[in-house]
Amino acid sequence: MLSEEEILNTTVVHVLSDIYDSDKVTFVKSLSSIINTSNSKNVVILPNSVLSGNLKRNGSEVITLNSDVKNKRALLAEIKTAIKSKVPGGSNTIIHNHEYQFSKEIQYVCKQMNIHSTHTLFTKPKPETFLNTLLGRSKYFSNNFDVCTISEELETYCLQNYRAFISTISVIPVELSISNNQVPHERIIALAKSWGILDQPSIILLTQEFYGNRLWEKHVVELGKILESFHEEQSVQLIILDNNKENLLREKFQETLTSMNLLRFVNPVSECSDFEAALSIASLYLDLSPYPPESSSILQKCAENGRLCIAWKHGANIEVFSDRSIENLVEPFNFTIFAQKIREFLLFSKEKTKSLEENFQHRVREKYARSAVESALFKFYNKTLAKKA
């Protein structure tokens, strides 16, 4: 096993082209900061953007790409040229690729230059494209794929489906961004106005949209009917978050809610990108995802902002909850129990709600702290550097 000093003398070069993916950006910024403070050299290859300046100010060397972000072929050509011309060759350099679709080409360049290559998977690779994306027509890199994932859910999936092609695999979580400042009141008011709820109701529940999925829409309608039954005792409304301004599936579902007189209790909003302000308004977050989540980033943000969650017990959701809050996980699609959990929450005393929120927040801050990310990162790099490039 390599010593800490040898690890610290490594040059790590990150490849990032999708600068609009918040998980990727947060991940690269976090790893860059960790590497910089360890006195290693950190380099990021990415399209010219505001992010470039941010990384430079925090100690990273930046190699900017001039191609349009959407032009993947041109970006790849620039990335390969940048690696060949500006990255030092040799076994003490690691190319950390965060763009799965470029894996095959980057591995090939690294092999030519005697450089280690590692790859981050943020989503589950599709079986029908995995081998071609990773290996192309050649089996040259078979069983030599060093990969990190951002969740245990993704790690398990990769080992179940692609173990034969993976040499090293580790989980490196996305570092939690700890918020010490409250969301400005003006942002909260502006968001409440845009939702049309400034003067009502008293309790807001949040969930993410999966318009077009029949099971999810069925559960939302059932939840609307439950909230309608609460109306005499409490004013409760479910806000469905959607980042899109135009969404035909949302409009169609809204027509369904209108026909059932449920729009007072279920509010499908558009263009909501201020998740922090949304959490400041809400009392509870509901994860009704019909698919096993590949990461737990949304639930992490909820916990950090002191908001309880009720979620289906599948995918990466399971990783977030401690033993004390595991009761907020419900077996997938048992909506009777899910609804019961919501009823219980609405009856909680303020003291119990606060205690549960603080426990949830502590659990997430500990599991996704910088120290945890740093430990996982250097163990991963250590394994990579111990191998022949």
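The coordinates are above.
J.: What is the right way to look at the side chain of Asn 213 in this model?
T.: Within the element layout of this structure, Asn 213 appears in the loop between strand S8 (203-208) and helix H9 (214-230). Engagement of the side chain of Asn 213 in a polar contact is seen with the backbone nitrogen of Trp 216, the distance being 2.9 Å. Discounting chain neighbours no more than four positions away, the residues touching Asn 213 are Pro 290 and Tyr 291.

J.: So what exactly am I meant to see when it comes to the packing of helix H2 (residues 22-37) against helix H16 (residues 370-385) here?
T.: The angle between the axes and the distance between the axes are what describe a pair of packed helices. Between H2 and H16, the least distance of the axes is 10 Å, while the angle of their chain directions is 80°. Considered as vectors, H2 and H16 are oriented roughly perpendicular to each other. Seen from H2, the contacting residues are Ser 30, Leu 31, Ser 33, Ile 34 and Ile 35; seen from H16, they are Arg 370, Val 373, Glu 374, Leu 377, Phe 378 and Tyr 381.

J.: When you look at the pairing of strand S4 (residues 93-97) in this model, what are you seeing that I'm missing?
T.: Note on strand geometry: in a regular strand, side chains alternate between the two faces of the sheet. Where burial is concerned, most of S4 is hidden: five out of the five residues are buried. What you see with S4 is no split at all: Thr 93, Ile 95 and Asn 97 on one side and Ile 94 and His 96 on the other are buried throughout. Direction of pairing for strand S1 (residues 11-15) relative to S4: parallel, over a ladder of five bridges. By the bridge assignment for S4, Thr 11 is matched with Thr 93. Looking at chain direction, S4 and strand S5 (residues 116-121) are connected through four bridges and run parallel. Residue pairing for S5: His 96 is matched across the bridge by Thr 118. In this region the chain leaves S4, passes through helix H5 (residues 103-113) and returns to the parallel neighbour S5; the handedness of that crossover is right-handed.

J.: Looking at this structure, how should I read the pattern of salt bridges?
T.: Pairing of side chains with opposite charge becomes possible as their charged atoms draw close. Counted under the stated rule, the structure contains eleven salt bridges. Across the pair Arg 187 and Asp 274 runs a salt bridge whose closest N-O atoms are separated by 2.8 Å. You can see Arg 187 sitting in helix H8 (residues 185-195) and its partner Asp 274 sitting in the loop between strand S10 (266-268) and helix H11 (275-281), a full 87 residues away along the chain. Exposure remark for Arg 187: the relative accessible area of 33% places this residue in the partly exposed category. Looking at Asp 274, the relative accessible area reads 21%, which means it is partly exposed. The network of salt bridges with common partners includes Arg 187, Asp 274 and Glu 276.

J.: Help me understand H5, please; the structure alone is not making it clear to me.
T.: For the α-helix, the turn length of 3.6 residues means that residues three or four positions removed from each other point alike. Considered for burial, the residues of H5 that qualify are Ser 103, Ile 106, Gln 107, Val 109, Cys 110 and Met 113. For H5, the arc enclosing every buried residue in end-on projection is 165°, short of the 170-degree limit, so these residues lie on one face. Of the residues one or two after H5, Asn 114 is the one with positive phi, at around 60°.

J.: Can you help me understand the layout of surface pockets in this one?
T.: Over the atoms, a rolling probe the size of a water molecule traces out where space has been left empty. Of the pockets and cavities examined, the largest pocket occupies roughly 970 Å³. Taken together, 35 residues form the lining of the largest pocket, with Asp 23, Gln 208, Ser 295, Ser 297 and Ile 298 sitting closest to its centre. When contributions to the lining of the largest pocket are tallied by element, the ones reaching two or more residues are H2, S8, strand S11 (284-287) and helix H12 (297-304). Ranked by the residues each element gives to the lining of the largest pocket, the list is headed by H12, at four residues. Counted by class, the lining of the largest pocket contains 14 nonpolar, twelve polar and nine charged residues. There is about 380 Å³ of room inside the second largest pocket.

About the criteria used
Residues numbered from 1 in each chain as written. Predicted model: local features only at pLDDT ≥ 70, side-chain atom pairs only at ≥ 80, totals over all residues. Heavy atoms only, no water. Helix = DSSP H or I, 4+ residues; strand = E, 2+ residues; numbered from the N terminus. Polar contact = N/O pair within 3.5 Å; in protein donor to acceptor, adjacent residues only side chain to side chain. Contact = heavy atoms within 4.5 Å. Axes fitted to C-alpha atoms, helices over the stretch in contact; angles between N-to-C directions. Parallel < 35°, antiparallel > 145°, perpendicular 65-115°, else oblique. Buried < 20%, exposed > 50% of the residue type's maximum accessible area, 1.4 Å probe, protein only. Pairing = 2+ DSSP bridges. Right-handed = clockwise from strand over helix to strand, strands pointing away. Salt bridge = Lys/Arg side-chain N within 4 Å of Asp/Glu carboxyl O. Arc of directions from axis to C-beta. 1 Å grid on protein atoms, 1.4 Å probe; cavity = no way out; pocket = protein on both sides within 12 Å on 5 of 7 lines; lining within 4 Å. Points joined across faces, edges and corners; volume = space filled by probe spheres on them. Nonpolar A, V, L, I, M, F, W, Y, C, P; charged D, E, K, R; others polar.

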